Amino acid sequence: GFKDDDTYDNELRLARYRSATISTLVNQVIDVFKDSIGEIESFNYDKSLIADITDNGLYKEIKKYSYSRIYSATKVMEIESAGFTAIKGLLDIFAASILTDAPNRYEVMNRNIIPQSCLQRREKNHKRASNDEIINDLSKYERILSITDFISGMTDRYLVELYQRLSGIRLPEY
């Protein structure tokens, strides 16, 4: 809808302030990371990096504002819910396909969607092997790691589109 100039100016100022504040917080987290690298590498750093920033109160205010004004908006919650559904759906589809030692035709098709780069877990040479041959050489744990690597590397848009295509919600476009 139409907004008057004052409302637009206030929203623009607030967005710029929020952006500048987040930038400040990111730089402080980088400093904490640099200062704590020894503890992190020796597994002795057991808290969030943001817990040690100098402007922790500033972080809490930004977080409170973001959750009350941005992340609780209906459209944002719908998108987040769709994302969770798509992640669970793809995990279900690919887990069933990759964990079986006797895949059916559908499971073989799903196995072939997984890039070989996500299936490479060892120092073995699988350059000319099929996905099935590589998968059969993996432990159950390595198979699950392969799926989580694959799914976690997806963009949000690709994740939702792939889930829709594999679950039959939307047909692939050619």
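Below or above, wherever it landed, is the structure these notes cover.

What counts, and at which threshold
Residues numbered from 1 in each chain as written. Predicted model: local features only at pLDDT ≥ 70, side-chain atom pairs only at ≥ 80, totals over all residues. Heavy atoms only, no water. Axes fitted to C-alpha atoms, helices over the stretch in contact; angles between N-to-C directions. Helix = DSSP H or I, 4+ residues; strand = E, 2+ residues; numbered from the N terminus. Parallel < 35°, antiparallel > 145°, perpendicular 65-115°, else oblique. Left-handed = near helix turned anticlockwise from the far one by under 90°. Contact = heavy atoms within 4.5 Å. Nonpolar A, V, L, I, M, F, W, Y, C, P; charged D, E, K, R; others polar. Core = buried A, V, L, I, M, F, W, Y, C linked by side-chain atoms within 4.5 Å. Buried < 20%, exposed > 50% of the residue type's maximum accessible area, 1.4 Å probe, protein only. Patch = residues over 30% accessible without salt bridge, like charges linked within 9 Å, V, L, I, M, F, W, Y side chains within 5 Å. Areas by Shrake-Rupley, 256 points an atom, 1.4 Å probe, with all protein chains shown as cover. Salt bridge = Lys/Arg side-chain N within 4 Å of Asp/Glu carboxyl O. Phe/Tyr/Trp six-rings, centres within 6.5 Å; stacked < 30°, edge-to-face > 60°.

Concerning the packing of helix α3 (residues 74-99) against helix α8 (residues 156-167)
Then step 1. Between α3 and α8, whose axes approach to 9 Å, the crossing angle comes to 55°. Taken together, the axes of α3 and α8 lie oblique to each other. The crossing of α3 and α8 is left-handed. Contacts between α3 and α8 pair Gly83, Thr85, Ala86, Ile87, Gly89, Leu90, Ile93 and Phe94 from the former with Leu159, Val160, Leu162, Tyr163 and Leu166 from the latter.
Then step 2. Its residues assigned to classes, the contact of α3 with α8 shows ten nonpolar, three polar and no charged.

Describing the packing of α3 against helix α4 (residues 105-113)
Then step 1. Two numbers describe how α3 lies on α4: the axes approach to 8 Å, and their chain directions differ by 105°. As summarised for this structure, α3 and α4 are arranged roughly perpendicular, according to the angle between their axes. Contacts between α3 and α4 involve Ile93, Phe94, Ala96, Ser97 and Ile98 from the former and Tyr106, Glu107, Asn110, Arg111 and Ile113 from the latter.
Then step 2. For the contact of α3 with α4, the per-class residue count stands at six nonpolar, two polar and two charged.

Observations concerning the nonpolar core
Then step 1. Grouped together as the largest cluster of nonpolar side chains are 18 residues, with contacts concentrated most on Leu90, Phe94, Ile114, Phe150, Ile151 and Met154.
Then step 2. Elements that contribute at least two residues to this core include exactly α3, α5 (116-119), α6 (131-136), α7 (140-152) and α8.
Then step 3. Per-element tally for this core: the top contributor is α3, with five residues.
Then step 4. The residues touching Ile151, leaving out its near neighbours within four places in the chain, are Leu90, Leu91, Phe94 and Leu159.

Looking at a nonpolar patch on the surface
Then step 1. A cluster of nonpolar side chains, namely Ile22, Val26 and Ile30, defines an oily patch on the protein surface of about 210 Å² accessible area.
Then step 2. Note that Val26 resides in helix α1 (residues 5-41).

Some points on the packing of aromatic side chains
Then step 1. The tally for this structure, following the rule as stated, stands at one aromatic pair.
Then step 2. Ring geometry for Phe94 and Phe150: centres 5.3 Å apart, planes at 80°, overall edge-to-face. Taken together, the residues Phe94 in helix α3 and Phe150 in helix α7 connect sequence positions 56 residues apart. Of the two residues, Phe94 and Phe150, both sit in the buried class.

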